[in-house]
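Structural description and commentary
Chain by chain, the residues:
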Amino acid sequence: MKKERKALDFYFGQAQGLFFLILWLGLLSFAPTLRAQTRDSLLRLQVSGLTPDLLSRFKAEYRQKKRFEIRKDTLWLLFEPKNFTQEEGDSIALYYDSLCKTEQKKIDFFLQQQGFFTPRYRFLKERQRQYELQISLGSPFFWGEIEINLLPESLQQEIRKKFQQDFYFTKNKDTKKVFSNSKKIRLSLKQWRNLQDWLLEKAQNGGYPFAQTWADSIRLSPPHSPLSDSLAYAVHLRLRFVAGTQIYFDSLILRGDAKLKQRFMQRYLGIEKGKLYEEKAIQNITEKIKYLPYLRLKKAPEVLFKSDKAYTILYLEAEKSNQIDGFIGFLPNQNLAANTPNSPTRTLLTGQATLHLQNPFGDGKALFFHWQRFRPQAQTLKTHYTHPDFFNSGIEIVAGLELLQQDSAFSTLTRRLALGYPATWGKGYVFYHQRNATGLPQRNALPDNLNNLSNQFSQFGVGYTWQNLDNAFFPKKGWLLKAEIGVGNKRVSRDTTLASLDLYENIALLSIQWQGEGELQFFQPLGRGGTLLLAAKGAFLENPYLFPTDLLRLGGLQNLRGFNENSFFVRHYAQFVSEYRLYFESKSYLFAFFEASRLQTNIGNESPLAFGGGLTFQTRAGIFHFIYAMGKSQFQSLGLSQAKIHFGLKSAF
């Protein structure tokens, strides 16, 4: 008997201490039962007498549980206790009793959201491995009138519009109308917290970081409605709000060895001097700096408030992000005819050079230069310049130039000017103009049945980028989306020196050409240190008169590993990439990949495959890449002799 009395006193104490507790819709006299039965190492909780609406909400709340079952109006929750021992006696009873109370608290918290706050407990009996507890829910509570007339008029309008389905708001200060709504809204502390959180967030992002809100003048009254229970209550209260001092951003204090211009960082972080304080801008600082390769945040940002000013303090450290690498080689010029006396040289200069300068002047500008030559008379030159926040407009300008010389067949010059607008960190829009000009060598060296013609293509386009990667350069989790589409006029230059002028009879000298490309990447952590990359990308060209000089070029380290650079000239292509990375350091990992592509060329379709693996690791000299890849296509068989080895070292300074 003493043992039963102690347990009974314990549960009554729990009922008095937990003011916010709940259970079910229904009549006041209805008292559902919560039972915990144990068999061997199994604990069973039974909640019976559920009404249909609570049953559906319970089902939605507990749908993730592995052992979950609903039979008619009864909910069964099954649990496998951990560290279970086969000992007999009070130790097992106390163990199951503790487990039962843990689950009971979870259920109580859920039921609190349904409007039950006055449950009563009654302990019925206890056996060696069987417990029975009766819970009387009492009457549910409903929302009465919420008075918000003391708030600013602008906030009142927004609150009424946003929370009109969750609360009843008074219409004027002198309202004396008795609360009488046929449609009852069950009281929920979650709804109340959502209202307060929204109000505080609105204030903190509008220049009032010290705003406060609370409930005042709380009273209870029966909701006079034919549908209500006689002892059910409605809660009426007044919402109070104090904005506090209005705060403005002031100076940005930079501490550390990073060389940065204060104005640039303020614009980039959205904390310009004189702007109303925004808590969201402070919270986004850490994420935004992750996208700057030349900076590292040593510790969390700090904000110092003085009078009506906010001073932001950043502790920054410069990262080595400038890159330079390259090599030079000399090969015999195999295109030289034997015994040619006027030949300029009998050796060929080959190699590669890359220079990438980031933030050289402390204001986020970047300069990129890349030259590559691996075959006789076949070379590429790429360069572009990035200017962020052009004339304090928030617009980023990127100007680029690319030259491609393909053997002795043709050369293409591409000029591009893009205007980027970074809407938020990780998201931005691009508007660009691009102009391509393709030239051919001397006509006397070409046959009359030429299938390439000199042409120019000028287009305007728009692009969009969105990403939420955890790291912009070595991501392990998140998404990346890029897309561009453009349209323009293609002009074919008529060359009167050609011997066969009938080449132009079936070709329109002016036509419309569409061009677009897109890429989607998904990173998912797998196990300890593992990351799975799934990517899909593609591009297209649409024009009835596409020459080989106009086509997209695939192959090589950037877009189709296992094949030579620019091995494929295509009109359309789609590619799927699957890659597994195993990180053993923050910037070092082993990887294996598989690539499948579908290409459409001028002569037909092709489906090349590639697979392989490699290693990327960080050294004192920079990031070293090694890739071993094998590819298979209609023109390349699968074999070790056809395997490609890509390697390189990106040194940083």
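The structure we're discussing is the one just above.
Residues numbered from 1 in each chain as written. Predicted model: local features only at pLDDT ≥ 70, side-chain atom pairs only at ≥ 80, totals over all residues. Heavy atoms only, no water.

Regarding its fold elements, the protein chain presents eight helices and 33 strands. Counting over 653 residues, the protein chain shows a buried share of 42%. A separation threshold of at least 6 residues defines the contact pool for the protein chain, and within that pool the share at least 24 residues apart is 58%. If you sum the accessible surface of the protein chain, you get close to 36,500 Å²; carbon and sulfur atoms cover 55% of it. (Helix = DSSP H or I, 4+ residues; strand = E, 2+ residues; numbered from the N terminus. Buried < 20%, exposed > 50% of the residue type's maximum accessible area, 1.4 Å probe, protein only. Contact = heavy atoms within 4.5 Å. Areas by Shrake-Rupley, 256 points an atom, 1.4 Å probe, with all protein chains shown as cover.)

Right, let's talk about helix H6 (residues 262-269) for a bit. Among the residues of H6, Phe264, Met265, Gln266 and Leu269 are the ones counted as buried. Summarising the contacts, the buried residues of H6 are in contact with strand E11 (248-256), helix H7 (279-283), helix H8 (285-290), strand E12 (295-297) and strand E14 (309-318). Among the residues trailing H6, glycine 270 stands out with phi positive, at a value near 75°.

All right, on to unusual backbone geometry then. Residues other than glycine seldom take positive phi values, yet serine 217 does so here, at roughly 55°. At aspartate 389, a residue that is not glycine, the phi angle is positive and equals roughly 50°. Mapping aspartate 389 onto the fold places it in the loop between strand E18 (378-387) and strand E19 (396-406).

So, on to the packing of aromatic side chains. On inspection of all chains with the given rule, the structure shows 18 aromatic pairs. In textbook terms, an aromatic cluster arises when at least three aromatic residues are bridged by ring pairs, as seen for Trp143, Phe163, Phe167, Phe169, Trp192 and Trp198. Against the face of tyrosine 268 rests lysine 288, its NZ or CZ located 5.9 Å from the ring centre. One residue, arginine 416, lies across the ring of tyrosine 432, its end atom 4.1 Å from the ring centre. (Phe/Tyr/Trp six-rings, centres within 6.5 Å; stacked < 30°, edge-to-face > 60°. Lys NZ or Arg CZ within 6 Å of the ring centre and 35° of its normal.)

On to a nonpolar patch on the surface, then. Residues Ile395, Leu419, Tyr421, Tyr429, Phe431, Val462, Ile485, Val487, Ile512 and Trp514 make up a contiguous nonpolar surface patch of roughly 860 Å² in combined accessible area. If you list the elements that add at least two residues to the nonpolar patch, you get strand E20 (410-424), strand E21 (427-439), strand E23 (478-492) and strand E24 (510-526). With respect to the helices and strands, tyrosine 429 occurs in strand E21. Look at tyrosine 429 and you get partly exposed, because its relative accessible area is 33%. (Patch = residues over 30% accessible without salt bridge, like charges linked within 9 Å, V, L, I, M, F, W, Y side chains within 5 Å. Salt bridge = Lys/Arg side-chain N within 4 Å of Asp/Glu carboxyl O.)

What follows deals with the pattern of salt bridges. In this structure the tally under the stated criterion is 17 salt bridges. Across the pair arginine 240 and aspartate 216 runs a salt bridge, and its minimum N-O distance is 3.0 Å. One end of the pair, arginine 240, is in strand E10 (residues 233-242); the other, aspartate 216, is in strand E9 (residues 212-221), with 24 residues separating them in the sequence. Residue glutamate 579 is joined to arginine 581 by a salt bridge in which the shortest nitrogen-to-oxygen separation is 2.8 Å. The exposure class assigned to glutamate 579 is buried, which follows from its relative accessible area of 5%. If you follow the salt bridges from partner to partner, you end up with Arg267, Glu272, Lys275, Glu278 and Asp389 in one network.

Attention now goes to the nonpolar core. One finds Trp143, Ile146, Ile159, Phe167, Leu199 and Leu239 to be the most contacted residues of the largest nonpolar core, which totals 24 residues. Every element with two or more residues in this core is listed here: strand E7 (141-147), helix H4 (153-162), strand E8 (168-169), helix H5 (189-204) and E10. The biggest single contributor to this core is H5, with five residues. Setting aside residues no more than four positions away along its own chain, isoleucine 146 makes contact with Phe167, Tyr168, Phe169, Thr170, Leu237 and Leu239. The next biggest cluster of nonpolar side chains, apart from the first, holds 21 residues, and it includes Ile247, Ile271, Ala281 and Leu292. (Core = buried A, V, L, I, M, F, W, Y, C linked by side-chain atoms within 4.5 Å.)

Inspection of the secondary structure assignment puts isoleucine 289 in helix H8. The contact partners of isoleucine 289, leaving out residues within four places of it in the chain, are Leu269, Leu295, Leu297, Leu314 and Leu316.

Here we come to the sheet that holds E7. Pairing in this open sheet of four strands is mixed, and the strands run E8-E7-E10-E9 from one edge to the other. Of all strands in the sheet, those bounded by a partner on one side alone are E8 and E9. In the sheet, E7 pairs with E8 via two bridges, with the strands oriented parallel. Paired with isoleucine 146 across the two strands is phenylalanine 169, which belongs to E8. (Pairing = 2+ DSSP bridges.)

Tracing the backbone shows aspartate 257 in the loop between E11 and H6. Sequence separation between aspartate 257 and glutamate 317 is 60 residues, and the spatial gap between their C-alpha atoms is 5.6 Å. A distance of 3.0 Å separates a polar side-chain atom of aspartate 257 from the backbone nitrogen of alanine 318. (Polar contact = N/O pair within 3.5 Å; in protein donor to acceptor, adjacent residues only side chain to side chain.)

This brings us to H4. Every buried residue belonging to H4 is among Leu155, Gln156 and Ile159, and all of these are buried. The buried residues of H4 all sit within an arc of 105° when viewed along its axis, so they share a single face. Exposed and oriented more than 90 degrees from the buried face of H4 are Gln157 and Lys161. Those residues of H4 that are buried are in contact with E8, H5 and E10. (Arc of directions from axis to C-beta.)

Turning next to the environment of glutamate 317. With respect to the helices, strands and loops of the structure, glutamate 317 is situated in strand E14. Overall, the relative accessible area of 24% leaves glutamate 317 in the partly exposed class. What glutamate 317 contacts, discounting residues up to four positions off in sequence, is Asp257, Ala258, Tyr294, Leu295, Arg296 and Lys298.

Attention shifts here to the pairing of E7. Buried residues dominate E7, accounting for six of its seven residues. Relative to E10, E7 is paired through five bridges, and the arrangement is parallel. Bridge pairing in E10 places glutamate 147 opposite arginine 238.

A few words on the packing of H4 against H5. Orientation of H4 relative to H5, taken along the N-to-C sense of each, is 140°, at an axis distance of 12 Å. Our classification of the angle between H4 and H5 gives oblique. Here H4 and H5 pass one another in a crossing that is right-handed. Residues Leu155, Glu158, Ile159 and Lys162 of H4 touch H5, and the partners they reach there are Leu195, Trp198, Leu199 and Lys202. Residues that form the contact of H4 with H5 fall into these classes: five nonpolar, no polar and three charged. (Axes fitted to C-alpha atoms, helices over the stretch in contact; angles between N-to-C directions. Parallel < 35°, antiparallel > 145°, perpendicular 65-115°, else oblique. Left-handed = near helix turned anticlockwise from the far one by under 90°. Nonpolar A, V, L, I, M, F, W, Y, C, P; charged D, E, K, R; others polar.)

These values are about where atoms sit, not about what they do.
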